[in-house]
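# Notes for the structure review
As a plain string of letters, each chain reads:
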Amino acid sequence: MGALRPWTWSRTALRRAFQGLVALSVLPLAPMTWAWLTSAGHRVTAEPGTRWTAEVPAMPAALVLGAGVRGGQPTPMLRARLDIAAELYRTGRVRALLLSGDNSRRDYDEPSVMRDYLLSGGVPANRIVLDYAGFDTWDSCVRAKEIFGASRLVVVTQVFHLPRAVALCRTAGLDAFGVGDDSSRDWPVETMAYTVREFPASAKGLVDGLVLRSSPRFLGRRETALDHALDR
């Protein structure tokens, strides 16, 4: 018997292997790319000391996404979102505020804490609407449209979350524009951690919004609270 020849890769096999490696390296970036491209031209950063409100189109309402409460008070990042929403109301960019958060437990109520914070800042109660089943971004966007009847709104969150939030709201059928707080100024470490989290979160959002068209955890019947807030 002759000596066995060592197995070697053909040029075609090498090329296909390289193409496969490139595809695998790009695949994790695809959801983030989708979010950035879908939201491009529909978002702005609320930079202190600038006239950022002038870049926000006038909309009927703002959708403020929950970001945690502790001891009956909004977390610092949530306070930043609420301050942006209050400024949008005061400057006439929106006429009502839809506060969407988690109230899955009796002892945890994001929307009510958000409302109380805005009331203490002078926003009228009759311009505030609460969504107690905003358990994630996709749920909040779908419920804003299907339950509260919104068609055009400004979504308020942090910059790291803004592309995904705007993309999901637009995928849900809303004419959405986003305003984000640049949390990296005050919370750089936390912002970096949340930014990394956006990779899997964007993948989940893409699957929920484009692939499965998932229903929210709770949908329910149509509510008219936002209609009444806008009629006043």
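What counts, and at which threshold
Residues numbered from 1 in each chain as written. Predicted model: local features only at pLDDT ≥ 70, side-chain atom pairs only at ≥ 80, totals over all residues. Heavy atoms only, no water. Axes fitted to C-alpha atoms, helices over the stretch in contact; angles between N-to-C directions. Helix = DSSP H or I, 4+ residues; strand = E, 2+ residues; numbered from the N terminus. Parallel < 35°, antiparallel > 145°, perpendicular 65-115°, else oblique. Left-handed = near helix turned anticlockwise from the far one by under 90°. Contact = heavy atoms within 4.5 Å. Polar contact = N/O pair within 3.5 Å; in protein donor to acceptor, adjacent residues only side chain to side chain. Phe/Tyr/Trp six-rings, centres within 6.5 Å; stacked < 30°, edge-to-face > 60°. Buried < 20%, exposed > 50% of the residue type's maximum accessible area, 1.4 Å probe, protein only. Lys NZ or Arg CZ within 6 Å of the ring centre and 35° of its normal. Pairing = 2+ DSSP bridges. Right-handed = clockwise from strand over helix to strand, strands pointing away.

### Side note on the packing of helix α5 (residues 137-146) against helix α6 (residues 162-171)
To describe two helices that pack against each other, one gives the angle between their axes and the distance between the axes. Look at α5 against α6: their axes get within 9 Å of each other, and the N-to-C directions meet at 40 degrees. Relative to α6, α5 is oriented oblique. Taken as a pair, α5 and α6 cross one another with a handedness that is right-handed. Taken together, the residues of α6 that come into contact with α5 (itself represented by Thr 137, Trp 138 and Cys 141) are Arg 164, Ala 165, Leu 168, Cys 169 and Thr 171.

### Points about the side chain of Arg 143
Residue position: Arg 143 is located in helix α5. A distance of 3.1 Å separates a polar side-chain atom of Arg 143 from the backbone oxygen of Leu 219. For Arg 143, the residues in contact, after removing those within four places along its chain, are Asp 131, Ala 133, Phe 148, Pro 216, Phe 218 and Leu 219.

### Quick notes on the packing of aromatic side chains
Scanning all chains against the criterion turns up two aromatic pairs. Taking 5.3 Å as the distance between ring centres and 5 degrees as the angle between the ring planes, the aromatic pair formed by Phe 160 and Tyr 194 counts as stacked. Within this pair, whereas Phe 160 is found in the loop between β7 (152-158) and α6, its partner Tyr 194 is found in helix α7 (residues 188-212), the two being separated by 34 residues in sequence. With a relative accessible area of 15%, Phe 160 lands in the buried category. A cation sits over an aromatic face here: Arg 217 above Phe 135, 4.1 Å from the ring centre.

### Thoughts on the pairing of strand β6 (residues 128-131)
Burial along β6 is two-sided: the residues Ile 128 and Leu 130 and Val 129 and Asp 131 are all buried. As paired strands, strand β5 (residues 96-100) and β6 are joined by four bridges and run parallel to one another. Pairing of Ser 100 across the sheet is with Asp 131, part of β6. The parallel pair β5 and β6, bridged by helix α4 (residues 110-120), forms a crossover whose chirality is right-handed.

So far we have only geometry, and geometry alone does not tell us how the molecule works.
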